Amino acid sequence: MTVHVHVRVMPRPGLLDPQGQAVEHALTSLGFAGAAAVRVGKAIDFTLEAESLVAAEAMVREMCERLLANPVTEDFVIEVSS
Amino acid sequence: MACVAVIRFPGSNCETETMSAIVRAGGEATLLDYRETSLHGADGVILPGGFSYGDYLRSGAIARFAPIMDAVRSHAEHGGAVIGICNGFQVLCEAHLLPGALMRNDGQRFVSRPVDVRIERRQTICTSEYAEGEVIRIPVAHGEGRFVADRETLAALEAEHRVVLRYVAVAGADAPHNPNGSANDIAGICNAAGNVVGFMPHPERLADQTLGSDAGHRFFTSLMGRLVGAGAAA
């Protein structure tokens with residue numbers, strides 16, 4: 001089956017995220033008062049041929065651990081759908 | 001004469017001056033393509049600065065899987081000399097040959113300027129000809145040089161004396177001493193044995209008096225001394 005994969009990679013909580021800070025500052029400057037705790041990460045979308053959603057998720061987890069995210073600095077969330 | 005392989009990845013841009021610095025220090029330099037799978041008998045390896053694979057995904061994240069990296073890893077694991085300069089440091093961290101990671105500079109901007117760094121450790125493959133505690137001024141040029149590691153790793157690096165270079169404040173300097181927000185002002189580290197070293201500053205860019213200073217020259221004479229010594233011992 002063809003599985004649609006969506007991976008979200010975010011900087012770990014507690015690590016300084018200068019991009020997030022810059023975006024938060026810009027939002028505040030534009031008058032969007034109340035925007036806080038802005039973090040900037042990455043979204044990675046692709047399709048994957050796999051036996052099942054469970055098998056696809058296991059494969060994507062390995063992709064994240066080896067390449068798509070750096071475990072020292074980033075956390076990831078995987079979504080798979082048919 | 002000891003030979004050092006300089007690896008060129010797609011997007012490397014400091015390989016020429018790195019090779020010049022090796023030759024100036026009395027060594028032989030050979031340029032190796034990232035698609036090679038052997039070091040062809042080179043005594044040492046340098047991963048040079050630049051923007052391998054355009055820094056896509058994360059700096060060094062894709063270069064670490066280049067074909068040549070298995071040979072680099074094997075060389076490191078057998079006690080061979082491996083140095084990563086700037087992007088090369090990022091590659092070594094991504095390859096887990098060194099701990100930690102290099103993140104976006106805290107000021108969000110690319111920083112290209114001289115910095116003052118203190119030689120914190122002489123027992124490495126490339127700092128033995130400096131005095132411990134010696135402060136030298138060499139350039140940095142990076143957007144992602146903020147060294148981070150978890151608390152335990154940082155504590156271990158300090159306790160095991162594995163910080164090789166540290167950004168320091170010097171009287172009269174006109175910019176913040178830490179250019180990127182690195183934890184503990186760390187500019188460079190080594191592995192436990194001291195044969196794998198990575199740092200963000202560029203000694204190869206200031207290794208000839210023609211440029212007004214050769215403060216970085218001794219990284220390369222230290223390396224050549226080590227490689228010639230190792231060859232004589234073997």
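Small disclaimer: the values here were computed from a predicted structure and weren't measured. (Residues numbered from 1 in each chain as written. Chains lettered and ligands numbered in written order. Predicted model: local features only at pLDDT ≥ 70, side-chain atom pairs only at ≥ 80, totals over all residues. Heavy atoms only, no water.)

1. Notes on the overall build of chain A
Item 1. Regarding its fold elements, chain A presents two helices and three strands.
Item 2. Traced from its N-terminal end to its C-terminal end, chain A shows the element sequence β-α-β-α-β.
Item 3. At 16 Å, chain A has a C-alpha radius of gyration far larger than the 12 Å of a compact globule built from 82 residues.
Item 4. Dimensions of chain A, computed from the C-alpha atoms along their principal axes, are close to 50 × 25 × 15 Å.
Item 5. Counting over 82 residues, chain A shows a buried share of 27%. (Helix = DSSP H or I, 4+ residues; strand = E, 2+ residues; numbered from the N terminus. Rg over C-alpha atoms; globule rule 2.2 N^0.38 Å. Buried < 20%, exposed > 50% of the residue type's maximum accessible area, 1.4 Å probe, protein only.)

2. Some details on the sheet that holds strand β3 (residues 74-81) of chain A
Pairing between sheet strands relies on hydrogen bonds along the backbone, with the strands arranged either parallel or antiparallel.
All names here are of chain A.
Item 1. Taken in spatial order, the three strands make up an open sheet running β2-β1-β3, and their pairing is antiparallel. Of all strands in the sheet, those with a lone pairing partner are β2 (42-49) and β3, marking the two edges. In this sheet, adjacent strand axes meet at a mean angle of 20° when their direction is disregarded.
Item 2. In terms of strand pairing, strand β1 (residues 2-11) meets β2 through eight bridges, oriented antiparallel. Counted as the bridge partner of Val 3 is Leu 48 from β2.
Item 3. Here helix α2 (residues 53-68) sits on the sheet and contacts β1, β2 and β3; the angle it forms with β3, its principal contact strand, is near 155°. (Pairing = 2+ DSSP bridges. Axes fitted to C-alpha atoms, helices over the stretch in contact; angles between N-to-C directions. Contact = heavy atoms within 4.5 Å.)

3. Considering the interface of chain B and chain A
Item 1. Chain B puts 16 residues into the contact, and the matching count from chain A is 15 residues.
Item 2. Carbon and sulfur atoms supply 64% of the area buried between chain B and chain A, which totals about 1300 Å² over both sides.
Item 3. Joining chain B to chain A, the criterion identifies one salt bridge.
Item 4. Glu 74 of chain A is the salt-bridge partner of Arg 58 of chain B, the closest N and O atoms lying 3.6 Å from each other.
Item 5. Taken together, the connections running from chain B to chain A amount to seven residue pairs in polar contact (both at pLDDT 80 or more). (Buried area = accessible area lost by both parts, 1.4 Å probe. Salt bridge = Lys/Arg side-chain N within 4 Å of Asp/Glu carboxyl O. Polar contact = N/O pair within 3.5 Å; in protein donor to acceptor, adjacent residues only side chain to side chain.)

4. Re the pattern of salt bridges
Item 1. Throughout the structure, instances matching the rule amount to 16 salt bridges over all chains.
Item 2. Of the charged contacts, one joins Arg 58 of chain B and Glu 94 of chain B as a salt bridge, the two residues approaching to 2.8 Å between their closest N and O atoms. Residue Arg 58 of chain B is located in the loop between β3 (44-47) and α2 (69-77), and its partner Glu 94 of chain B is located in helix α3 (residues 87-94); the two are separated by 36 residues in the primary sequence. Across the pair, exposure class does not vary: Arg 58 of chain B and Glu 94 of chain B are buried alike.
Item 3. Beyond isolated ion pairs, a larger network of salt bridges with shared partners links Lys 42 and Glu 74 of chain A together with Arg 58 and Glu 94 of chain B.

Bear in mind that shape data such as this cannot, by itself, settle questions of function.
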